[in-house]
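This is what each chain is made of:
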Amino acid sequence: MDLGCDGPISVAGGDSFRADGEPLAGGRADLDLDLNGDRLREECGVFGIYNHPEAAAITAIGLHALQHRGQEAAGIVSYDGRRFHSERRLGLVGDAFSDAGVIARLPGDSAVGHVRYSTTGETLLRNVQPLFAELDAGGFAVGHNGNLTNGLTLRRQLVREGAITQSTTDTEVILHLVARSRKPRFVDRFIDAIRTLEGAYSLVALTNKKLIGARDPLGIRPLVLGSLDGSPILASETCALDIIGARYVRDIENGEVIVIDEEGVQSFKPFPEMAPRPCIFEYIYFARPDSVVGGRSVYQVRKNMGRVLATESPANADVIVPVPDSGVPAAIGFSQTSGIPYELGIIRNHYVGRTFIQPTQSIRDQGVRMKHSANRSVVEGKSIVLVDDSLVRGTTSVKIVQMMRDAGAKEVHFRIASPPITHPDYYGIDTPDRDKLLAATHDLEGMRRYIGADSLAFLSVDGVYRAMGFEGRDPVKPQFTDHCFTGDYPTPLTDRAGAVAQQQLSLLAEAS
Ligand code: AMP
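Nothing here was measured: the structure is a model prediction, and the numbers come from that model.

Participant: What am I meant to see in the overall build of the protein here?
Facilitator: Helix and strand counts for the protein come out as 19 helices and 22 strands. Here the protein holds 512 residues, and 59% of them are scored as buried. In the protein, of all internal contacts separated by at least 6 residues, the share reaching a separation of at least 24 is 70%. For the protein, the accessible area works out to roughly 19400 Å², and carbon and sulfur atoms hold 52% of it.

What follows is the structure in structure tokens.
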């Protein structure tokens, strides 16, 4: 799609309006979404490159390395010095951007790209990023990893004031805020806009002159700066640099805005200085194990989590069996510390997508059976320790414990290399509502019974921090955000507070 450079404000995309016919903003329905439907929560990866003759092709390869961060849709916007071009597709990067024709339709030396996995129902093309708008200063494309905790509130305000929205993503709010700022310089407009945001955002943005990156004041989601033969790159993770042979330069800091243009790379710090609180779940599950996040190898951290877990909650068993692939590094660490041999007691079919991304519970249940098979030769007659990185709904664990028993395991001990997830995430990791989190509704013995294991243990919160090289969690100034395990959300949850208040008001109204 050729987006041109002038004309009215428009957002690229343009498929049909919301399938369920709900209003896009305003009214209770919208806020209910946040409470009940998770709809605006996203998992994503971003990539951007400046001044490279094959900007779009490099972006597609970078996104391919970030595919684990979102598998539902991918998009690239390029700029060729005159016009912006956009290709946004549902599906995997490899499918969406494999034919040379698509890349040929994305000419130019600069590009930004995005991979996305949104939760329930929101696979519409018009939500696929990067979003694009024609502003009075020229075209502006933005890709967002993270989730705003005041996105709905801002959207309602904007709509009340006459803004027309076309997507259901909170990212669109950023376009509007930039459009409304009256600051003379573009960078100041961008900064004006992000000052209004609460929650998590790692952004890549493209204008006709600049590639811009930004990380929220706490640095909740990751963003790194790289360089390919002198062409600056922004990416969610270092694995996207490795795949194209680019050099890692540094992490973008929390609260930093980085502007890349003809004059080079400039850094701005528009927020009051704050201690970073990157999300600990990147290390536990989200990031790819070969990435280095915040200076730490994700693989080594996961292995350490397994080591600490083996010390905290040892098990008497014949073999350590990882739940593939998520439990592999932790199981290796567990095995090395316990001295119990590591064996592949479960074989994964690599041609089935992640269980978690199947939209309904029944399909999710089936997915687990399709995805894993028992390796009877390892399991039969043995006492085994299953190791996984996390337990969310418990779906995977129930199936796998049963599968191990069916394959003749004598005893099945389950070890989880993270603490119980008792709180939903509001910052861009897809977790279900609280009532579907096993650890929020069951105590340890209840969970053990639910998954059918002979014993069950989780890594402690301090254990996670020990695995990261600290003595434990700093109770005064926690080094990370670990809200999923502690309920300690590091930003206001404005949308949620509004939704709860509305719900209480309507309950009161019903009661009176
Ligand atoms: P569950 O079966 O619901 O308990 O989910 C646990 C499994 O899902 C583990 O194997 C994790 O590796 C994986 N997992 C954890 N968090 C997420 C997430 N946010 N998105 C997708 N998968 C996840």
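Once the structure has been displayed, the description carries forward.
Participant: Please clarify how the pairing of strand β8 (residues 202-207) should be interpreted in this entry.
Facilitator: Two faces, one strand: in a regular strand the side chains alternate between the faces of the sheet. Burial analysis of β8 places six of its six residues in the buried class, the great majority of the element. Both faces of β8 are covered, namely the face carrying Ser202, Val204 and Leu206 and the face carrying Leu203, Ala205 and Thr207. Bridge count for strand β7 (residues 138-145) against β8 is six bridges, and the pairing is antiparallel. Counterpart to histidine 144 in the pairing with β8 is leucine 203. The pairing of β8 with strand β9 (residues 211-215) spans five bridges and is classified as antiparallel. Bridged to serine 202 within β9 is arginine 215.

Participant: Would you mind showing me how to read the site of the ligand here?
Facilitator: If you check the shell around the ligand, you find 16 residues, and the closest are Asp388, Asp389, Arg393, Gly394 and Thr396. Within the residue set of the shell around the ligand, elements represented by two or more residues are α9 (281-286) and α14 (395-406).

Participant: Help me understand the packing of helix α10 (residues 298-312) against helix α11 (residues 328-338), please; the structure alone is not making it clear to me.
Facilitator: Each pair of packed helices gets described by two things: the angle between the helix axes and the distance between those axes. It is the contact of α10 with α11, at a shortest axis distance of 6 Å, that shows an interaxial angle of 45°. When the axis of α10 is compared with that of α11, the two are oblique. For the pair α10 and α11, the sense of crossing is right-handed. The residues of α11 that touch α10, namely those facing Tyr299, Arg302, Lys303, Gly306, Arg307, Leu309, Ala310 and Thr311, are Pro329, Ala330, Ile332, Gly333, Phe334, Gln336, Thr337 and Ser338. Here the residues of the contact of α10 with α11 sort into seven nonpolar, six polar and three charged.

Participant: Before we go on, may I ask you to explain the sheet that holds β7 in this structure?
Facilitator: Paired through backbone hydrogen bonds, the strands of a sheet run either parallel or antiparallel to each other. An order of β6-β7-β8-β9-β13-β14 is seen for the six strands of this open sheet, with the pairing classed as antiparallel. With one partner strand each, in any of the chains shown, β6 (131-135) and β14 (264-268) form the two edges of the open sheet. The average undirected angle you get between the axes of adjacent strands in this sheet is 20°. Sheet strands touched by helix α6 (residues 171-180): β6, β7 and β8. Its angle to β6, the strand with the most contacts, is close to 15°.

Participant: Sorry if this is basic, but what is going on with the pattern of salt bridges here?
Facilitator: Oppositely charged side chains can pair when the atoms bearing their charge come close. Per the stated rule, a full pass over the model turns up 25 salt bridges. In this structure, arginine 185 and aspartate 188 form a salt bridge, with 3.0 Å as the shortest nitrogen-oxygen distance. By relative accessible area, which is 22% here, aspartate 188 ends up partly exposed. A salt bridge links aspartate 488 to arginine 473, with the nearest nitrogen and oxygen atoms 2.9 Å apart. Of this pair, aspartate 488 sits in the loop between α18 (483-486) and α19 (494-511) while arginine 473 is found in the loop between α17 (461-467) and α18, placing the two residues 15 residues apart along the sequence. Residue aspartate 488 is classed as partly exposed on the basis of its relative accessible area, which comes to 26%. Where salt bridges share partners, they join Arg69, Arg221, Glu237 and Glu282 into one cluster.

Rules used throughout
Residues numbered from 1 in each chain as written. Predicted model: local features only at pLDDT ≥ 70, side-chain atom pairs only at ≥ 80, totals over all residues. Heavy atoms only, no water. Helix = DSSP H or I, 4+ residues; strand = E, 2+ residues; numbered from the N terminus. Buried < 20%, exposed > 50% of the residue type's maximum accessible area, 1.4 Å probe, protein only. Contact = heavy atoms within 4.5 Å. Areas by Shrake-Rupley, 256 points an atom, 1.4 Å probe, with all protein chains shown as cover. Pairing = 2+ DSSP bridges. Near = heavy atom within 4 Å. Axes fitted to C-alpha atoms, helices over the stretch in contact; angles between N-to-C directions. Parallel < 35°, antiparallel > 145°, perpendicular 65-115°, else oblique. Left-handed = near helix turned anticlockwise from the far one by under 90°. Nonpolar A, V, L, I, M, F, W, Y, C, P; charged D, E, K, R; others polar. Salt bridge = Lys/Arg side-chain N within 4 Å of Asp/Glu carboxyl O.

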